[in-house]
Amino acid sequence: MKLAKIFAIASAAVLVVACGTSKVEGSKEVRSLLPSKGQVDTTSYLLGVNFGLVMTQNGFGELNMAQVQKGMKDALNAKEGQPMDSAFVKQFKIDPSDMNRIINGFLQQRTAYEGALNKEKGDKFRKDFYVKNSADSTASGIVYLIQDSGSEKRAISDRDTVKVNYRGTLIDGKEFDKNDGIEFPLNRVIKGWTEGMKLVGEGGKITLVIPANLAYGERGPREIGTNSTLIFDVDLLEVHPFVEKPAEPVAKKK
């Protein structure tokens, strides 16, 4: 969470408002250098758009805009002084020095809620998928459906390499990743892939419904979300068993 970026944009927005209310001074020639009303209006609007986008992208989508506006007005109307002075702090509803603590607390609580909700929905989705599709499951919690079992050649070691076509979606059907003909060793991917790719043979097709703890868990990127269950439709094109490289011969001493 880049709070500095948010506060920089907020400060810029306050600056625009402040500039629009400043007393205009100087000669006619000097005043002609000021931005036009159209420029002020356009810049004000774009700063508002930018500020709004940063808010939603960083988990502030449910802000009370009336309070946002009140905070900006209070900042504009605040008398000069040191931020930590009691006289300065009294001008605000809440001590500005608590800003980071309060905002980070909001984000942590919001993330905890999203994670718990995603896990609850994911668990239900896996159970429903299992029943609806007469699928199979592993002891670790992966639910899988084999459309084509492929050949008897399978990945056995975590160091084996596979070549696949795949499509990754969330439980709501949103696609977050897709690749064709990509190769990777099984010890370089999420745990659900490491285990899941051993369930089908070369040339086979499988759908993996992977619980969050075998995917990205609480550290899921924003496009995936925390504690999200992931669905992968995979064509296993090739399996390449790991081959230990022979040790380098030791040079003989002369």
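Just so we're clear, the structure is a prediction, and the values are computed from it rather than from any experiment. Numbers given for residues are sequential positions, taken from 1 along each chain in its written order. This being a predicted model, a pLDDT of at least 70 is required before a residue's local features are given, and a value of 80 or more before pairs of side-chain atoms are given or counted; all residues contribute to the totals for chains, interfaces and linings. To obtain the side-chain values, all non-hydrogen atoms of the structure were used and water was disregarded.

## A few points about the packing of aromatic side chains
No. 1: Working definition: rings of Phe, Tyr and Trp (its six-membered ring) pair if their centres are within 6.5 Å, and the pair is stacked with planes under 30 degrees apart, edge-to-face with planes over 60 apart, and tilted otherwise. The full count for this structure, using the stated rule, is six aromatic pairs.
No. 2: Pairing Phe-184 with Trp-193 gives two aromatic rings, centres 5.4 Å apart and planes at 80°, and the pair type is edge-to-face.
No. 3: For Phe-184, a relative accessible area of 10% corresponds to the buried category.
No. 4: The exposure class of Trp-193 is buried, given its relative accessible area of 4%.
No. 5: A network of ring pairs unites the aromatic residues Tyr-166, Phe-176, Phe-184, Trp-193 and Phe-232 as a single cluster. Partly exposed residues are those whose accessible area sits between 20% and 50% of the maximum for their type, while under 20% is buried and over 50% is exposed, using a 1.4 Å probe and protein chains only.

## Points about the layout of surface pockets
No. 1: Computed over the protein atoms alone on a 1 Å grid, cavities are sets of points where a 1.4 Å probe fits but cannot get out and pockets are open sets with protein on both sides within 12 Å along at least five of seven lines; a residue lines them when it has an atom within 4 Å of a point. Grid points are joined across faces, edges and corners, and a volume is the space filled by probe spheres set on the points. The calculated volume of the second largest pocket comes to roughly 740 Å³.
No. 2: What lines the second largest pocket is a set of 27 residues, and nearest its centre among them are Glu-114, Asn-118, Arg-222, Gly-225 and Thr-226.
No. 3: Gly counts as polar in this scheme, as do all residues outside two lists: the nonpolar Ala, Val, Leu, Ile, Met, Phe, Trp, Tyr, Cys and Pro, and the charged Asp, Glu, Lys and Arg. Looking at the lining of the second largest pocket residue by residue, the classes come out as eight nonpolar, eleven polar and eight charged.

## Description of a nonpolar patch on the surface
No. 1: Here a patch means residues that are over 30% exposed by relative accessible area and free of salt bridges, tied together within 9 Å if like-charged and within 5 Å if nonpolar (Val, Leu, Ile, Met, Phe, Trp, Tyr). Residue exposure ignores everything except the shown protein chains as possible cover, and the areas themselves are Shrake-Rupley values with a 1.4 Å probe. What makes a salt bridge here is a side-chain nitrogen of Lys or Arg within 4 Å of a carboxyl oxygen of Asp or Glu, nothing more. A contiguous nonpolar patch, built from Tyr-45, Leu-46, Val-49 and Leu-53 and spanning about 400 Å² of accessible area, is present on the exposed surface.
No. 2: Secondary structure elements follow DSSP: runs of H or I of four or more residues count as helices, runs of E of two or more count as strands, with numbering from the N terminus. Structurally, Val-49 is set in helix H3 (residues 37-57).
No. 3: Taking relative accessible area as the criterion, Val-49 reaches 33% and is therefore assigned partly exposed.

## Things to note about the pattern of salt bridges
No. 1: By the definition in use, this model includes eleven salt bridges.
No. 2: Notably, a salt bridge pairs Asp-123 with Arg-126, separated by 2.9 Å at the nearest N-O pair. In this pair, Asp-123 and Arg-126 both sit in helix H6 (residues 99-132), three residues apart, roughly one turn of the helix.
No. 3: Residue Asp-123 is classed as partly exposed on the basis of its relative accessible area, which comes to 23%.
No. 4: Between Glu-202 and Lys-153 there is a salt bridge; the shortest N-O distance is 3.8 Å. Taken together, the positions of Glu-202 in the loop between helix H7 (191-196) and strand E5 (205-210) and Lys-153 in the loop between strand E2 (143-148) and strand E3 (161-170) put the pair 49 residues apart, joining distant regions of the chain.
No. 5: Through salt bridges with shared partners, a single ionic network connects Glu-62, Arg-110 and Glu-114.

## Section: the nonpolar core
What tends to happen in soluble globular proteins is that the nonpolar side chains get buried as a cluster.
No. 1: Among buried residues, those of type Ala, Val, Leu, Ile, Met, Phe, Trp, Tyr and Cys that are joined through side-chain atoms within 4.5 Å constitute a nonpolar core. Core analysis: the largest hydrophobic core is formed by 26 residues, its most contacted members being Val-162, Val-164, Trp-193, Met-197 and Phe-232.
No. 2: At the level of secondary structure, the elements contributing two or more residues to this core comprise E3, strand E4 (175-185), E5 and strand E6 (230-240).
No. 3: Broken down by element, this core gets its largest block of residues, five residues, from E6.
No. 4: Any two residues whose heavy atoms approach within 4.5 Å are treated as being in contact. Apart from residues lying up to four places away in sequence, Trp-193 is in contact with Val-164, Tyr-166, Phe-184, Leu-186, Ile-210, Phe-232 and Val-234.
No. 5: Counting residues in hydrophobic clusters, the runner-up holds seven residues, among them Phe-51, Met-55, Phe-60 and Leu-107.

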